[in-house]
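# Topology and contacts: notes
For reference, the chains in residue letters:
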Amino acid sequence: MEWGERCLLVKNNPEDPVFQFLAGTFHQDADSPEEALQELLTEESKEYLESAIVFLTEFINSEYSDDEKNEYIQHCADGVYFPALGLTPIQWLKSVVEQLKEAVKVK
């Protein structure tokens, strides 16, 4: 299956945990990506954060090209303006995973 086909399926699949995480946390109504992440870290359980680390890491390490991953992240996290951050979407997602790991250590 081509990425575009999969992407369309995933975009319309609320069951996809990567989509749920990104679209549910980093949407256009969020004040900023940083505030959205802090809210997630304080409100979600340690168990959810641990599972997010797993499925986000699996996505980052998947066989898709960086361009495909970047496009998907941009689509899902439509409240994040990546040029202002000076990061590619995949670099940003890796930093989010690192922050999740730090938060799990503390919880």
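No experiment lies behind these values; they were computed from the predicted model shown.

The next subject is the overall build of the chain. Counting its regular elements, the chain contains seven helices and zero strands. Ordered by position in the sequence, the α and β elements of the chain form the string α-α-α-α-α-α-α. Within the chain, buried positions represent 37% of all 107 residues. Considering only residue pairs separated by 6 or more positions, the chain has 65% of its internal contacts joining residues 24 or more positions apart. Summed over all atoms, the accessible surface of the chain reaches about 6400 Å², with 48% contributed by carbon and sulfur.

Time to look at the pattern of salt bridges. On inspection of all chains with the given rule, the structure shows two salt bridges. The closest approach of N and O atoms between E98 and K101, which form a salt bridge, is 3.6 Å. Taken together, the residues E98 and K101, both in helix α7 (residues 89-106) and three residues apart, mark about one turn of the helix. Where E102 meets K105, a salt bridge forms, and the shortest distance between an N and an O atom there is 3.3 Å. Residue E102 and its partner K105 are both found in helix α7; the two are separated by three residues, about one turn of the helix. Relative accessible area serves as the criterion here: at 44%, E102 is assigned to the partly exposed category.

Before going further, it helps to spend a moment on the packing of aromatic side chains. On inspection of all chains with the given rule, the structure shows six aromatic pairs. Judged by centre distance (6.3 Å) and plane angle (75 degrees), the rings of F21 and F55 are edge-to-face. Linking F21 in helix α2 (residues 17-25) with F55 in helix α4 (residues 46-60), this pair joins segments that are 34 residues apart in sequence. Both residues of the pair, F21 and F55, count as buried. An aromatic cluster is built from F21, F26, Y48, F55, F82 and W92, whose rings are joined through pairwise contacts.

On to helix α5 (residues 66-76). In an α-helix, one turn spans 3.6 residues; hence positions three or four apart end up facing the same way. Of all the residues in α5, the buried ones are K69, N70, Y72, I73 and C76. The buried residues of α5 occupy one face: seen down the axis, they fall within an arc of 165 degrees.

Our focus in this paragraph is the side chain of N70. Mapped onto the elements, N70 comes out in helix α5. Within the local environment of N70, its side chain forms a polar contact with the backbone nitrogen of I90, the two atoms lying 2.8 Å apart.

Looking at where Q91 falls in the secondary structure, it is placed in helix α7. Taking relative accessible area as the criterion, Q91 reaches 40% and is therefore assigned partly exposed.

Mapped onto the fold, I73 is located in helix α5. Taking relative accessible area as the criterion, I73 reaches 0% and is therefore assigned buried. Between the alpha carbons of I73 and L22 there is a distance of 7.4 Å; along the sequence they are 51 residues apart. What I73 contacts, discounting residues up to four positions off in sequence, is L22, F59, F82, P89, I90, W92 and L93.

Criteria and cut-off values
- Residues numbered from 1 in each chain as written.
- Predicted model: local features only at pLDDT ≥ 70, side-chain atom pairs only at ≥ 80, totals over all residues.
- Heavy atoms only, no water.
- Helix = DSSP H or I, 4+ residues; strand = E, 2+ residues; numbered from the N terminus.
- Buried < 20%, exposed > 50% of the residue type's maximum accessible area, 1.4 Å probe, protein only.
- Contact = heavy atoms within 4.5 Å.
- Areas by Shrake-Rupley, 256 points an atom, 1.4 Å probe, with all protein chains shown as cover.
- Salt bridge = Lys/Arg side-chain N within 4 Å of Asp/Glu carboxyl O.
- Phe/Tyr/Trp six-rings, centres within 6.5 Å; stacked < 30°, edge-to-face > 60°.
- Arc of directions from axis to C-beta.
- Polar contact = N/O pair within 3.5 Å; in protein donor to acceptor, adjacent residues only side chain to side chain.

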